[in-house]
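Okay, here's what each chain looks like letter by letter:
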2 protein chains.
Amino acid sequence: MRTSIATVSLSGSLTEKLTAASRAGFDGVEIFENDLLTAPLTPEDIRARCADLGLGIDLYQPLRDIEAVPDDLFARNLRRARHKFELMRRLGADTVLVCSSVDPSALDDDALAARQLSELADLAAGFGIRVAYEALAWGRHVSTYDHAWRIVEAAGHPALGTCLDSFHILSRGSDPGGIEDIPGEKIFFLQLADAPLPAMDVLQWSRHHRCFPGQGGFDVAGLVRHVLRTGYTGPLSLEVFNDVVRQADAGPTAVDARRSLLLLQEETGAGALPAPAVPTGVAFAELVTPDAEPLAGLLDALGFSRTARHRSKPVDLWQQGEARVLVNTGTAVRRDGTRLAAVGLESPDPRGAARRAEALLAPVLPRRRAPEDAPLDAVAAPDGTELFFCGAWRSDFTGLDHPPAAPHVRHIDHLALTQPWHHFDEAALFHRGVLGLRAEESVDVPDPYGLLRSRAVGTADGSVRIALGVGAAPTDDTVHAQHIAFATDDVVAAARRVRAAGGRLLPIPANYYDDLAARHEFADGELETYRDLGILYDRDEHGTLRHCYTLTVGQVFFELLQRDGAHHGYGARNAPVRLAAQHAAQGGAGVTGGCSTPR
Amino acid sequence: MRTSIATVSLSGSLTEKLTAASRAGFDGVEIFENDLLTAPLTPEDIRARCADLGLGIDLYQPLRDIEAVPDDLFARNLRRARHKFELMRRLGADTVLVCSSVDPSALDDDALAARQLSELADLAAGFGIRVAYEALAWGRHVSTYDHAWRIVEAAGHPALGTCLDSFHILSRGSDPGGIEDIPGEKIFFLQLADAPLPAMDVLQWSRHHRCFPGQGGFDVAGLVRHVLRTGYTGPLSLEVFNDVVRQADAGPTAVDARRSLLLLQEETGAGALPAPAVPTGVAFAELVTPDAEPLAGLLDALGFSRTARHRSKPVDLWQQGEARVLVNTGTAVRRDGTRLAAVGLESPDPRGAARRAEALLAPVLPRRRAPEDAPLDAVAAPDGTELFFCGAWRSDFTGLDHPPAAPHVRHIDHLALTQPWHHFDEAALFHRGVLGLRAEESVDVPDPYGLLRSRAVGTADGSVRIALGVGAAPTDDTVHAQHIAFATDDVVAAARRVRAAGGRLLPIPANYYDDLAARHEFADGELETYRDLGILYDRDEHGTLRHCYTLTVGQVFFELLQRDGAHHGYGARNAPVRLAAQHAAQGGAGVTGGCSTPR
């Protein structure tokens, strides 16, 4: 029989995946949409590459959230599908996977689903394309293969069949015997995967996923309150084990553990801590570098002016609007290159903030300063980043230039800090408990060489935002690069300014913009502008996000970011594209420039 | 409130854990039994160390599978408990955790449980010890905290209370409000852990744990047979993703993937392969080394004789009984040190075995041999180990000595091969599909610096046994050491012979033997002999296993192993003790001698 493999089943760039599939003797591939979006190749290039390698493109996947929706929404879905069918014609792919909808707006109406899938198949047939409809195990209304088949059968369209996936069938415990009731010619595709059984019983959950109070989803504080009301006087004792704790150094783990209990005691009224002094803004980000020139060039292109120099240290202040970047050439270690070493947080009570941090076991940093410098309280975060609690810190700097009068950049929107693998949960708890920031949910972000996790912490008003990231494995410093995102009111003008000043922006694959055209409607010329400048785009129910990136200097890069409406995201949807573009810009090696991805 | 942490929550040796807990400011610790068993410190030493560090020993844990059993079994359980209470007196610990039983022989009889726990508390009280009874979420009959409390209440013994664990309560979705119905003085202990929610939904299962057919627990072949009966003519396509595949090199992953489909097609009758030629024994294990002396000394001490030398290569054959070890000084790379490079498998059809391996994409190795050498078919396993399919291979060797007439070692019992992290599942499928071996379940083995996995493959009659191992993370080569286990009929005599010949055996902590005394009864002097020689012991319903280890040379060590009855295990229960002893013997660094454990 013909054998195929989905490109998502292999790591690396699309080219690497295709080469590996061909060498292993596969006859064809399923092209996963993200692999196309992140590839620098045109669809025609991909088609030619596959042909050269003797690979057919057996499936393009997936179309999602198409069917059983109100007619106006379906019209928009058809528009999106038409874009994809045009793309598939360029690719030379003749079968498309449509997954059963997970959209909350989908209706539990099989007749409607059948009618709309039939319309979709009509459209597809005009392109010579067949539609394979598959039940996702977590589909909103259609989650079993026999249900998907009933809808396909009811639609009765020759270009509509079903796709069977062993995972979706067997993970639900469905009886696969019913497959034999489907005519073979209506099974358009068969996807195979195995999986360990059981998914996870409570013993495995316990053995691999316990974490310290405040790092998971349990209401541990609620439970402890109940216990305290009984008059219990014994110890609060942590019994936690997971795959990270088993490997991480005992010292930092024990500190993390005690911190979680201190916070738990505060929360349950069993112990007191100095109150949090929630920061009110980012005073500055400090970069250390052995060579200030590349950074100076980039900051200059971004529109920053060198407005001041520290009285007693080799530290320059670069400023634009309320965004301030310190460039420190005094403490850099050449081997580490350029990196983000410190963050200044504007604090309503610097001493109080430092006292709370100290009570929560954060290392208090000595101030190596001249006698006339303003005293700055500082502690170390779990990743080693120095956190300064700032009141009147600017008196240490003497003026050079004035900041630009009409800035493109208004302030620092957020900082993205990559955490050591063993300390991701610790970092979130630290920023929440010590600084009083709020933590959002953790999200997975696919990188070509692994899955990254990201979790944002910040103030309620967004004046301080930090995106904590972590790689897929202890050795993975794929995204060890840290970055500073600058808020702008006009990302197009800001990006043009960078380019006019000779700065380079990260190039984004053209396929990404073809997908944007399928997903959204744009004014004339708008999309072409984004494509030209490498601006990424996202939209949710709150507003829009437009952002672009500089190339990387050492371990640091910059982002220009425009939020409209009340968009609070960080562009997680665009992150795979950005990561693949960074890999490509660095010649396929780790984003840091070192060949550091585990293979 | 007093704060404690379980030693299992921190990594490293017991000493490292205690130091870390103290430095982080904890008031006390729960000593986890395995941490005591694997420690070289006596209980008195541990007590003194804790006192020096300002740590109380708040809990010793756990006693398992004690209650609600027939009286004769309970008498044995009390005997075991008495041993542990004596140990706790030496430790200075006054509270013991008793988990609700998971033993299949436990009865669903609360009155019996209460009566027996009361008897246990009587015994404990004589030692000044309190018993804290806790419901494990996966307990056989008692799995909720309120059930455990009802039993404690019914027992009405002052030295019996309950232990609450937030994980066991909240993971079951129990309402913690009922805790307030328990008098605080009857809550002897409170263990806290958080955990992510949900444990794993089907989407997470899909995203992180799909694997290639034959590597999981699904009956994928059964499903495919149903599909084939429909007349389906489309491709078999793999849609697999998991955290390993996302990171591993695309090339080997694609080969692994295609191999799984070739085996699936054979299994479903959709494709044919050369039939398996199941090996019938281990012909030899080949070590390569840049320096033959340390190996020669160790093999000599183990009772081997150098019986032959290869006609044309710098390869010696060492033999004892039917155990044969080749020592090759011709191809070693000094940097890699001494390692296990090849395994000779006695094959009923060497050519057929090689043809099957080749059809299943195993790299066929060129034979660098002189014209007069016997042709040996060889392929590379996923970890690079060369597998030779042997017929009449011994004609290449010319005799030196005769093998010993009265050997201690009879044959090679098994080989233990550490796999590269990204290729553990591939390795099991390879040995099963290519060689026709049967795979057992994968087991977790705690190492001081992480959790290892081990999976045995072998023939039905045990004539070939290979234990495949893998570390906890991509960088973890903690157990990169590979080993050869030699079968003996008298491990005590064989171990004495090693010692008499000046060989060194791995020393095992005394605490391990105290625990053996609690678990089993031994003849007079038997346990002292094991303690003296470092012999490990296990017993199951089929028979007993006694085994000991040499120190490590390069990346290789040897095991002497005596199976009595029909014990088919590999001593997984003893592996944590062995691993900790190896860490200790190498000064706390990786077992390979390099400081390679991720911290």
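Computed from a prediction, not measured in an experiment: that's the story for all the values here.

> Sorry, what's going on with the sheet that holds strand β22 (residues 536-539) of chain A here?
Hydrogen bonds between backbone groups are what pair the strands of a sheet, and the pairing can be parallel or antiparallel. Residues and elements named next belong to chain A. Within the open sheet, the eight strands sit side by side as β18-β19-β20-β17-β21-β24-β23-β22. Their pairing is mixed. The two strands at the open ends of the sheet, each matched to only one other strand, are β18 (438-447) and β22. Averaged over neighbouring strand pairs, the angle between their axes works out to 25 degrees when direction is ignored. Strand direction decides the pairing type here: strand β23 (residues 543-549) and strand β24 (residues 556-565), joined by seven bridges, are antiparallel. By the bridge assignment, His-547 is partnered in β24 with Leu-561. Sitting on the sheet, helix α14 (residues 424-433) is in contact with β18, β19 (450-458) and β20 (465-470), with an inclination near 165 degrees to β20.

> Would you mind showing me how to read the interface of chain B and chain A here?
A common way to report how large an interface is uses the accessible area buried once the components associate. Between chain B and chain A, the contact holds 113 residues from the first and 113 residues from the second. When chain B packs against chain A, the two sides together hide about 10000 Å² of surface, and 66% of this comes from carbon and sulfur. The largest share of the area that chain B buries against chain A comes from B:Met1, B:Leu192 and B:Asp194, three residues that together contribute 8% of it. Remark: the boundary between chain B and chain A carries four salt bridges. A salt bridge links B:Asp165 to A:Arg210; its shortest N-O distance comes to 3.4 Å. Taken together, the links from chain B to chain A amount to 56 residue pairs in polar contact (both at pLDDT 80 or more).

> Could you clarify how one ought to interpret the packing of aromatic side chains in this entry?
Each aromatic ring pair is characterised by the separation of its centres together with the angle its planes make. Here the structure, examined in full by the defined rule, presents 24 aromatic pairs over all chains. Relative to A:Tyr530, the ring of A:Phe522 lies with its centre 6.1 Å away and its plane at 85 degrees, an arrangement referred to as edge-to-face. Through successive ring pairs, a cluster of aromatic residues spans A:Phe167, B:Trp205 and B:Phe218. Above the plane of the ring of A:Tyr549 lies A:Arg578, whose end atom (NZ or CZ) is 5.3 Å from the centre.

> Before we go on, may I ask you to explain the pairing of strand β12 (residues 323-328) of chain A in this structure?
Residue and element names in this part refer to chain A. With six of six residues buried, β12 lies mostly within the body of the structure. Sheet topology note: the strand β9 (residues 281-288)/β12 ladder contains four bridges and is parallel. Across the sheet, residue Val-288 finds its bridge partner in β12, namely Asn-328. The sheet contact formed by strand β11 (residues 315-320) and β12 spans six bridges and is antiparallel. Considered in β12, the bridge of Trp-318 is made with Val-325. Between β11 and β12, which follow one another and run antiparallel, lie two residues, and Gly-321 among them has a positive phi close to 55 degrees.

> Whenever I open this one, the UniProt feature "binding site: Mg(2+)" (unreviewed entry) in chain A confuses me. Can you help?
All names here are of chain A. Feature annotation in UniProt places "binding site: Mg(2+)" (unreviewed entry) on His-414, His-483 and Glu-559, given in this structure's numbering. The named residues occupy 146 residues along the chain; their greatest pairwise C-alpha distance, 9.3 Å, places them in one compact cluster. You can see His-483 is positioned in strand β21 (residues 482-488). Along the chain, Glu-559 falls in strand β24.

> Got a minute to help me understand helix α13 (residues 350-359) of chain A in this structure?
The periodicity of an α-helix, 3.6 residues per turn, causes residues three or four places apart in sequence to face the same way. Residue and element names in this part refer to chain A. Considered for burial, the residues of α13 that qualify are Gly-352, Ala-353, Ala-354, Arg-356 and Ala-357. Elements that come into contact with the buried residues of α13 comprise α11 (250-268), β14 (377-380), β15 (386-390) and α14. Downstream of α13 by one or two residues, Leu-361 has phi in the positive range, about 70 degrees.

> In this structure, what is going on with the relation of the copies chain B and chain A? I would like to understand it.
Note: a rotation about an axis with an accompanying shift along it relates these two copies of the chain. For the pair chain B and chain A, the best superposition has an RMSD of 0.1 Å and corresponds to a rotation of 180 degrees with a translation of 0.0 Å parallel to the axis. Both copies are brought into coincidence by an operation consistent with a two-fold rotation axis. A shared interface surface links the copies, since 100% of the contact residues of chain B are contact residues in chain A too.

> Please explain unusual backbone geometry as it appears in this structure.
The bulk of non-glycine residues show a negative phi, and the bulk of peptide bonds are trans. All names here are of chain A. Omega for the peptide link from Gln-61 to Pro-62 comes to -10 degrees, which places this bond in the cis form. With phi around 50 degrees, Asp-65 is a residue other than glycine that occupies positive phi space. Along the chain, the position of Asp-65 falls in the loop between β3 (56-63) and α4 (71-91).

> Is there a simple way to explain the pattern of salt bridges in this structure?
For side chains bearing opposite charge, pairing can occur when the charged atoms are close. Residues and elements named next belong to chain A. As enumerated under the stated definition, the model contains 54 salt bridges over all chains in all. Note that Asp-377 is salt-bridged to Arg-351, the shortest N-O span being 2.8 Å. One end of the pair, Asp-377, is in strand β14; the other, Arg-351, is in helix α13, with 26 residues separating them in the sequence. In this structure Arg-351 comes out as partly exposed when scored by relative accessible area, which is 44%. Linking Arg-519 and Asp-515 is a salt bridge whose minimum nitrogen-to-oxygen distance equals 3.0 Å. You can see Arg-519 and its partner Asp-515 sitting in helix α16 (residues 510-519), four residues apart, about one turn around the helix. A residue is classified by how much of its surface remains accessible, and Asp-515, at 5% relative accessible area, is buried. Among the charged side chains, a network of salt bridges with common partners joins Glu-33, Lys-84, Asp-515 and Arg-519.

> Mind showing me how you'd approach the domain arrangement of chain A here?
Parsing chain A into structural domains produces domain 1 (4-191), domain 2 (202-268), domain 3 (281-399) and domain 4 (410-585). Distance between the C-alpha centres of domain 1 of chain A and domain 2 of chain A: 44 Å.

> Is there a simple way to think about the packing of α4(A) against helix α5 (residues 110-125) of chain A in this case?
Geometrically, a packed helix pair is captured by the angle between its two axes and the distance between the axes. All names here are of chain A. Here α4 crosses α5 at 30 degrees, and the two axes come no closer than 10 Å. Taken together, the axes of α4 and α5 lie roughly parallel to each other. For the pair α4 and α5, the sense of crossing is right-handed. In this structure, α4 contributes Asp-71, Phe-74, Leu-78, Ala-81, Arg-82 and Phe-85 to the contact, and α5 contributes Arg-115, Gln-116, Glu-119, Leu-120, Leu-123 and Ala-124. Of the residues contributing to the contact of α4 with α5, the split by class is seven nonpolar, one polar and four charged.

> How should the state of the cysteines be read in this particular structure?
As used in these notes, a disulfide is a covalent bond between sulfur atoms, one from each of two cysteines. Summed over the entire model, instances satisfying the criterion amount to zero disulfides over all chains. Free of any disulfide, B:Cys50 has its nearest cysteine sulfur in B:Cys163, 19 Å distant.

> Sorry if this is basic, but what is going on with the environment of B:Val288 here?
All names here are of chain B. By the element assignment, Val-288 lies in strand β9 (residues 281-288). Given the relative accessible area of 2%, Val-288 is considered buried. Sequence spacing of Val-288 and Pro-407 is 119 residues, and the spatial spacing of their C-alpha atoms is 24 Å.

> When you look at the pairing of strand β20 (residues 465-470) of chain B in this model, what are you seeing that I'm missing?
Successive side chains on a regular strand alternate, one facing one side of the sheet and the next facing the other. All names here are of chain B. Burial of β20 is extensive: six of the six residues sit out of reach of the surface. Burial of β20 is two-sided: the residues Arg-465, Ala-467 and Gly-469 facing one way and the residues Ile-466, Leu-468 and Val-470 facing the other way are all buried. Taken together, the four bridges between strand β17 (residues 409-418) and β20 define a ladder with parallel strand orientation. Across the sheet, the residue bridging to Ala-416 is Ala-467, located in β20. Bridge count for strand β19 (residues 450-458) against β20 is six bridges, and the pairing is antiparallel. Bridge assignment links Val-457 to a residue of β20, and that residue is Ile-466. Hairpin geometry of β19 and β20 is characterised by an intervening segment of six residues between the two adjacent antiparallel strands and by a positive phi of about 80 degrees at Gly-462.

> Looking at this structure, I do not really get the sheet that holds strand β7 (residues 187-192) of chain A. What am I missing?
Reading around the circumference, β1(A)-β2(A)-β3(A)-β4(A)-β5(A)-β6(A)-β7(A)-β8(B) is the order of the eight strands in this closed barrel, with parallel pairing throughout. Within the sheet, the average angular offset between the axes of one strand and its neighbour, ignoring direction, is 30 degrees. Both strand β4 (residues 95-99) of chain A and strand β5 (residues 130-134) of chain A contribute to a ladder of five bridges, which runs parallel. Paired with A:Leu97 across the bridge in β5(A) is A:Ala132. Its contacts with the sheet put α5(A) on β4, β5 and β6 (160-165) of chain A, and the angle it makes with β5(A) is roughly 150 degrees.

> Even after reading the chapter, I still don't get the environment of B:Arg546, so can you show me in this structure?
Residues and elements named next belong to chain B. Mapped onto the fold, Arg-546 is located in strand β23 (residues 543-549). Remark: the alpha-carbon pair of Arg-546 and Ser-442, spanning 104 residues in sequence, is separated by 22 Å. What Arg-546 contacts, discounting residues up to four positions off in sequence, is Val-491, Glu-526, Tyr-530, Ile-535, Leu-536, Tyr-537, Leu-560, Leu-561, Gln-562 and Asp-564.

> Any chance you could explain the packing of helix α10 (residues 250-268) of chain B against helix α13 (residues 424-433) of chain B here in plain terms?
Residue and element names in this part refer to chain B. Between α10 and α13, whose axes approach to 11 Å, the crossing angle comes to 40 degrees. In this view, α10 runs oblique relative to α13, as classed from their interaxial angle. Considering only the axes of α10 and α13, their crossing is left-handed. Across the interface between the two elements, Pro-252, Asp-256, Arg-259, Ser-260 and Leu-263 from α10 touch Glu-426, Leu-429, Phe-430 and Gly-433 from α13.

> Where do I start with the side chain of A:Asp256 in this structure?
All names here are of chain A. Its place among the elements puts Asp-256 in helix α11. A distance of 3.0 Å separates a polar atom in the side chain of Asp-256 from a polar atom in the side chain of Gln-215. Those residues in contact with Asp-256 that lie beyond four places of it in its chain are Phe-212, Gln-215, Glu-426 and Leu-429.

The rules behind these values
- Residues numbered from 1 in each chain as written.
- Chains lettered and ligands numbered in written order.
- Predicted model: local features only at pLDDT ≥ 70, side-chain atom pairs only at ≥ 80, totals over all residues.
- Heavy atoms only, no water.
- Pairing = 2+ DSSP bridges.
- Helix = DSSP H or I, 4+ residues; strand = E, 2+ residues; numbered from the N terminus.
- Axes fitted to C-alpha atoms, helices over the stretch in contact; angles between N-to-C directions.
- Contact = heavy atoms within 4.5 Å.
- Buried area = accessible area lost by both parts, 1.4 Å probe.
- Salt bridge = Lys/Arg side-chain N within 4 Å of Asp/Glu carboxyl O.
- Polar contact = N/O pair within 3.5 Å; in protein donor to acceptor, adjacent residues only side chain to side chain.
- Phe/Tyr/Trp six-rings, centres within 6.5 Å; stacked < 30°, edge-to-face > 60°.
- Lys NZ or Arg CZ within 6 Å of the ring centre and 35° of its normal.
- Buried < 20%, exposed > 50% of the residue type's maximum accessible area, 1.4 Å probe, protein only.
- UniProt positions renumbered as here; feature names shortened; annotations may be inferred.
- Least-squares fit on C-alpha atoms with pLDDT ≥ 70 in both.
- Domains from an automatic or database assignment.
- Parallel < 35°, antiparallel > 145°, perpendicular 65-115°, else oblique.
- Left-handed = near helix turned anticlockwise from the far one by under 90°.
- Nonpolar A, V, L, I, M, F, W, Y, C, P; charged D, E, K, R; others polar.
- Disulfide = S-S within 2.5 Å.

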